[in-house]
Protein chains: 2
Amino acid sequence: MHIFYTPDIAGDTYTLNEEESKHCIRVLRLPVGTVVNLVDGRGGFYTAEIVSDNPKKVGLSVLNVEREFNKRNHYLHIAVAPTKNIDRIEWFVEKATELGIDEITPIISDRSERKVVKEDRLNKVITSAVKQSIKAYHPKLNEAVSYDAFLKLPFEGEKLIAHCINQGEKRYISELVQPHQKYLILIGPEGDFTSDEVDLALNKGFKPLTLGENRLRTETAALAVCFEINYLNR
Amino acid sequence: MHIFYTPDIAGDTYTLNEEESKHCIRVLRLPVGTVVNLVDGRGGFYTAEIVSDNPKKVGLSVLNVEREFNKRNHYLHIAVAPTKNIDRIEWFVEKATELGIDEITPIISDRSERKVVKEDRLNKVITSAVKQSIKAYHPKLNEAVSYDAFLKLPFEGEKLIAHCINQGEKRYISELVQPHQKYLILIGPEGDFTSDEVDLALNKGFKPLTLGENRLRTETAALAVCFEINYLNR
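Every chain begins its residue count from 1, and numbering advances along the sequence as written. Each chain takes a letter, starting from A, and each ligand takes a number, starting from 1, following the order in which they are written. Side-chain atom pairs in this predicted model are given and counted only at pLDDT of 80 or more, local residue features only at pLDDT of at least 70, and totals for whole chains, interfaces and linings cover all residues. Only heavy atoms go into the side-chain values, all of them from the structure, while hydrogens and water stay out.

Undergrad: Lay out the overall build of chain A with the relevant residues and their values.
TA: The helix and strand labels rest on DSSP assignments: H or I over at least four residues marks a helix, E over at least two residues marks a strand, and numbering proceeds from the N terminus. Per the secondary structure count, chain A includes seven helices and 13 strands. The principal-axis extent of the C-alpha atoms belonging to chain A is close to 65 × 35 × 30 Å. Among the 234 residues that make up chain A, the fraction classed as buried is 54%. In what follows, a contact means two residues having at least one pair of non-hydrogen atoms within 4.5 Å. Pairs at least 24 apart in sequence give 75% of the contacts found in chain A among residues at least 6 apart. For accessible areas, the Shrake-Rupley method is used with a probe of radius 1.4 Å. Any residue's cover is judged against the shown protein chains and nothing else. Carbon and sulfur atoms make up 46% of the accessible area of chain A, which amounts to about 11000 Å² in all. For the exposure calls, accessible area comes from a 1.4 Å probe over protein chains only, and a residue counts as buried if that area is under 20% of its type's maximum, exposed if over 50%, partly exposed in between.

Here you go:
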């Protein structure tokens, strides 16, 4: 199955951009008449036929469209402090896309060793995972934002924060939330959130969660949360 | 907290090897009198004091020992086909160690693109994760073995196989196993197991599992299994 990401598709025909066309003709060597699949990142899963093999602009004719393809039954937004080693966050966004996530926000907190994130690079990783795992919905990646500014944004749904500070009782996600909801979950940096940052979130209505006894790296904790939320919504 | 891995510790004193000693004195710059922690990989968690700062052989005096530190309540053995890109398997063993795993076997199946695994390299990754996540038990990494030979080995416990072939009914792990057991779970290569390989496992009593509708990469499926087994044993 050959999948192309076509976010700007409209109507019954589509022309692949130069990069995708070159990949299609020069690398995959797909001839005219080949049936391929397209995803638009908004739930559209297309079956299309190659009608022109111009290596700079491959022409496609849509044969069939499925809307809301594998629509998710909940909405998961994870806001995570980017790791010092960006590979770890790239790894997280790839795996979260495979397992199922809707929105990701890099948050810059007091102890974040990394203050800058190349969103375009992370988006490429997400798009690649979308195609590899056959997702019709493309997770939304927001620009990096400061922790304080992020907490000022409105969010309707279940709000949780993962931190390692021994303050107050923490409970498992399964004890804190109901299935089929909107979830926003905060994951701290390598050095954890400061107690002020935790207090700020608690005052905003975030509930503290525990992922168990294991000491997890930032990106592992974020993926564990992604796994648990998807598990609870099966 | 500074943690050193000391698999050969015996008695009340210990001398770090040259590499660890150099790290301790030249990098961490820990002076005599500093209290550090040691894990022996067999459940022993030690509190020790630096009594000699020789940068080639740091002397430690054990102050306290905890046996069966954070002993796990189940036994998880994952046998996974190594990925073409070894980074993906290195990533898996690191994350599985953080989340909790007891034994890992690389299995070479018909469609494995990679036939050779550097166990010493993978073991270094595991040891590093053991220290980072404060584990007193060091997961056991077996040498790579052919799929057929592996299935001839005896195993007492719950046996599952993850594959994508549409043959027979598959169920979720939670429907297939009980908590607090020994589990052996097979994960196929990028190209999946062959139907002959699946039949062989089914004839050996392995039950087919599903991880849901997502199409997961080999290393993601292996980690998802690790997540689920640990989740079911909380």
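Undergrad: Which residues make up the UniProt feature "domain: Ribosomal RNA small subunit methyltransferase E PUA-like" (unreviewed entry) in chain A, and what values go with them?
TA: UniProt positions are given in the numbering used here, feature names are shortened, and annotations may be inferred rather than shown by experiment. Under the UniProt annotation, "domain: Ribosomal RNA small subunit methyltransferase E PUA-like" (unreviewed entry) lies at residues 16–58 of chain A. Within the segment residues 16–58 of chain A, helix and strand shares are 23% and 30% respectively, and the terminal C-alpha atoms sit 5 Å apart.

Undergrad: Explain the packing of helix α2 (residues 86–99) of chain B against helix α3 (residues 119–132) of chain B residue by residue, including any values.
TA: Residue and element names in this part refer to chain B. All axes here are fitted lines through C-alpha atoms, helices being fitted over the stretch that makes contact, and every angle between N-to-C directions spans 0 to 180 degrees. Where α2 contacts α3, the two axes come as close as 9 Å, and the packing angle between them is 30 degrees. It follows that α2 is roughly parallel to α3 by the angle criterion. Pair α2 / α3 crosses with right-handed handedness. Residues I89, E90, V93, E94, T97 and E98 of α2 pack against R121, L122, V125, I126, A129, V130 and Q132 of α3. Put simply, Ala, Val, Leu, Ile, Met, Phe, Trp, Tyr, Cys and Pro go in the nonpolar bin, Asp, Glu, Lys and Arg in the charged bin, and everything else, Gly too, in the polar bin. Along the lines of polarity and charge, the residues of the contact of α2 with α3 split into seven nonpolar, two polar and four charged. Throughout, the term roughly parallel applies to angles under 35 degrees, roughly antiparallel to angles over 145, roughly perpendicular to angles from 65 to 115, and oblique to all others. Handedness of a helix crossing follows the sense of rotation of the near helix relative to the far helix, less than a right angle counterclockwise being left-handed and clockwise being right-handed.

Undergrad: Mind laying out the pattern of salt bridges, listing which residues take part and the relevant values?
TA: Salt bridges, as used here, are contacts in which a Lys or Arg side-chain nitrogen is within 4 Å of a carboxyl oxygen on Asp or Glu. On inspection of all chains with the given rule, the structure shows 30 salt bridges over all chains. Sharing partners across several salt bridges, the network here consists of R88, R217 and E219 of chain A together with E94, K95 and E98 of chain B.

Undergrad: Requested: an account of helix α7 (residues 218–232) of chain A, with residues and values cited.
TA: A helix is expected to reach a length of 1.5 Å times the quantity of its residues less one. Spanning 15 residues, α7 of chain A covers 21 Å between terminal C-alpha atoms, matching the ideal 21 Å at 1.5 Å per step. Of all 15 residues that make up α7 of chain A, 14 are buried, and the element is covered over most of its length.

Undergrad: Quick one: what's the story with the relation of the copies chain B and chain A, residue by residue and with numbers?
TA: Copy one and copy two of the chain differ by a rotation about an axis and a translation along that axis. Residues reaching a pLDDT of at least 70 in both copies supply the C-alpha atoms on which the copies are superposed by least squares. Mapping chain B onto chain A calls for a screw motion: a turn of 180 degrees about the axis and a shift of 0.0 Å along it, with 0.0 Å RMSD after fitting. What the superposition gives is, in effect, a two-fold axis relating one chain to the other. Relative to the rotation axis, the closest C-alpha in chain B is found at F227 of chain B, a distance of 3.7 Å.

Undergrad: Quick one: what's the story with the interface of chain B and chain A, residue by residue and with numbers?
TA: The partner chain A presents 27 residues to the 27 residues of chain B that form the contact. Summing both sides of the interface, chain B and chain A together bury roughly 2600 Å²; the carbon and sulfur share of this comes to 49%. Sorting the residues of chain B by area buried against chain A places R215, Y231 and R234 of chain B first, and these three jointly supply 26% of that buried surface. The interface formed by chain B and chain A holds eight salt bridges in total. Secondary structure elements with two or more residues in the side of chain B that touches chain A: α2, α3 and α7 (218–232) of chain B. Sort the elements by how many residues they give to the side of chain B that touches chain A and α7 of chain B lands first, with eight residues. The class makeup of the residues in the side of chain B that touches chain A is eleven nonpolar, five polar and eleven charged. Here's the idea: put two parts together, see how much 1.4 Å probe accessible area each one loses, and the total over both is what we call buried area.

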